[in-house]
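Structural characterization, general
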Amino acid sequence: MKRYLLKRVTTGLLTVLIAIVLNFFLIHIAPGDPIRIMAGMDHPSSEQLEALYVRYGLDKPLLVQLGQYIVNLLHGDFGTSYTYNKPVVSLILETMGPSILLALTSCVLAFVLGTLLGLFAARHQGRWMDNLLSYVSYLFDSMPPFWLGLVAILVFASTLHWLPTSGMVNLRNPQQGFGYVLDVLTHLLLPCATMTLIQIPQYLRLTRSSVTQVMQEDYIITFRATGMSEKTIFRRYVLKNAILPTLTAFGISLAYVVAGAALVEIVYAWPGTGRLMLNAINRRDYPLLMGIYLMIAISVSVITMIVDILYAWLDPRIRLK
Amino acid sequence: MAKQFSFKRCWKQSAHLRIGLVLFALVLLCALLAPLLETHDPYRLDGPVKAAPGGEYWLGTDALGGDVYSMMIEGTRTSLKVGFIAALISGVLGMLIGGAAGFIGERTDRVISELINIFLMLPTFFLVLITVALFGSSMTNVMIIIGLTSWPGNARLMRVQAMSLKERVFVKSAEALGESKASILFRYIIPNGIYPVVANTAMGIASAILMEASLSFLGLGDPNIISWGQMVYAGRSYMTSAWWVATFPGIAIIITVMSFYLICDGLNTVLNPKAGKRGA
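This text gives an overview of the structure that appears in the document. It should be emphasised that the depicted structure is a prediction, and the values quoted were computed from it without experimental measurement.

Basis of the calculations
Residues numbered from 1 in each chain as written. Chains lettered and ligands numbered in written order. Predicted model: local features only at pLDDT ≥ 70, side-chain atom pairs only at ≥ 80, totals over all residues. Heavy atoms only, no water. Helix = DSSP H or I, 4+ residues; strand = E, 2+ residues; numbered from the N terminus. Buried < 20%, exposed > 50% of the residue type's maximum accessible area, 1.4 Å probe, protein only. Contact = heavy atoms within 4.5 Å. Areas by Shrake-Rupley, 256 points an atom, 1.4 Å probe, with all protein chains shown as cover. Lys, Arg positive; Asp, Glu negative; His and termini not counted. Charge placed at Lys NZ, Arg CZ, Asp CG, Glu CD. Expected span 1.5 Å × (residues − 1). Salt bridge = Lys/Arg side-chain N within 4 Å of Asp/Glu carboxyl O. Axes fitted to C-alpha atoms, helices over the stretch in contact; angles between N-to-C directions. Left-handed = near helix turned anticlockwise from the far one by under 90°. Nonpolar A, V, L, I, M, F, W, Y, C, P; charged D, E, K, R; others polar.

Right, let's get into the overall build of chain A. The helix and strand tally for chain A stands at 14 helices and two strands. Taken across its 321 residues, chain A has 48% of its residues classed as buried. Long-range contacts, defined here as pairs at least 24 residues apart, represent 71% of the contacts in chain A between residues at least 6 apart. Carbon and sulfur atoms make up 67% of the accessible area of chain A, which amounts to about 16100 Å² in all. Put simply, chain A has 24 plus and 17 minus side-chain charges, and the middle of one group is 13 Å from the middle of the other.

Here it is in structure tokens:
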């Protein structure tokens, strides 16, 4: 286990390092002067350029610059957004709450519903319900999340007026206490349903195929030969072994918590990191955009690392490989 | 794995593959026959503004007076072009990198497979997004960038193939006859190990199309070209007054992407019956 742990942590750290190096070189090989890109203005004043030159040490060799960049990152300095005039890190932290609320709720819902549907499909393999589920899951897999969001707004908010179209709270009628929670929940419903529907297919398919695979294992066939009831075999042995890959997929989805919902957030004007990213794109706020990318890359590699280690702890076959 | 590939057998074996190929044939026809199918010039904006579907404008017009139906047909070309070129770049890169790693083995393999794992972990969409934002959003850039960032999946598949193929007798005998490493890689390893990569490439086309649509929806599409993502992007602001502008291109994306997913799934079932049993 120790060896596996060491190996996995090294890979995780390398991933973060490569993300940083990629980020750094992208700024440098992009057309145009990196300082002008970082300054974000068409005609920055010469003092501004001078200050940025010193800040990023652009007169020094490239490797020294990279070193400086990494040191800055280690100090939590991801750069400053010039449109908000605030450090990138604090902007991301401000918007992360709503993002996590939306992403986490939908991840959990999709995991539970998708796994249940997958188990159902696996037990009815080859029958019409299984086929139907398979085609419906392909349908949602192929759907751009932002399009599903737009259609959902059109139907449930604009036409039927059941739910609010956008935002996280009703700004015209601010609520307190329980009313506030209710207000957020009604605003959460549509974006969350959109995200959940988009994510269900992967769990469905994964659960179904992994149950099918476990069912063909020799030990299951042996149990069957001993006359054990199908129900007991399924509950006690198949389920336990088949659920592991689904858990990993759940972990990886969680990793995208900060960003996975970006496109859906934008459609529903949800005040999360996705919206912040859209603003950064529209205003060509490169430091902010790069900062968001780095934060995502780092959180993804850290969370997948944790998931892998947990997985190895749960399933000895992995760590012994 | 090196079983003889027969189209007839594949066609018979998988319903997903059949449906996928029929859908794809339809989409391909739309792209090839676009000038014949279009009722109006998709780039001309001289129709009535936001006209409802029906009559002269089958699927209505957008806020600038463009014919939604003709634009949608034109968008087929864009999507297929992006999908195929991006997937081709990623397929070729993946095959070369993965094939070399698996075939050469030892230290080279360890370094490359570590790199593959790392790149698999980096969030591709956001990498594509910042690169396009920095380098400009021309169609060529978008295609190349998607291709350059999505090879690791293909590389992983090819590596496993190469590792098993290099132990086979025909490769061993080629080695004994003194063929060069490069020649073995290109003449025996890649041609025999290509099928899983081909199946995965169908998936790659689908995700490239979705990625282009998402980029366009973020305002990072090529403004000189008609694409479905851009139509959805343009139509999102008047969803209530002209729902058809964003809705129909979305359906086109779904049909196209789904055809590739079904083809990929069908191919996997046929090529690898044990793992891919889907019942359909």
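Here the focus is helix 8 (residues 152-165) of chain B. Residues and elements named next belong to chain B. Here helix 8 is 14 residues long and its end C-alpha atoms lie 20 Å apart, about the 20 Å a rise of 1.5 Å per residue gives. Every buried residue of helix 8 is accounted for by P152, G153, N154, A155, M158, R159, Q161, A162 and L165. If you follow the buried residues of helix 8, they end up packed against helix 4 (68-104), helix 5 (106-121), helix 7 (139-149), helix 9 (169-176) and helix 10 (181-217).

Turning to the pattern of salt bridges, a few remarks are in order. Overall, the coordinates contain eight salt bridges over all chains when judged by the stated rule. Put simply, E230 of chain A and R224 of chain A hold a salt bridge, and the shortest N to O gap is 2.6 Å. Residue classification places R224 of chain A among the partly exposed residues on the basis of a relative accessible area of 34%. Here E167 of chain B makes a salt bridge to K172 of chain B, at a shortest N to O gap of 3.8 Å.

Before going further, it helps to examine the packing of helix 12 (residues 273-282) of chain A against helix 13 (residues 286-314) of chain A. Residues and elements named next belong to chain A. Running from amino to carboxyl end, helix 12 crosses helix 13 at an angle of 145°, the nearest separation of the two axes being 8 Å. Judged by the sense of rotation from one axis to the other, the crossing of helix 12 with helix 13 is left-handed. Contacts between helix 12 and helix 13 involve T273, L276, M277, A280 and I281 on the former and, on the latter, L288, L289 and I292. Across the contact of helix 12 with helix 13, the residue classes break down as seven nonpolar, one polar and no charged.

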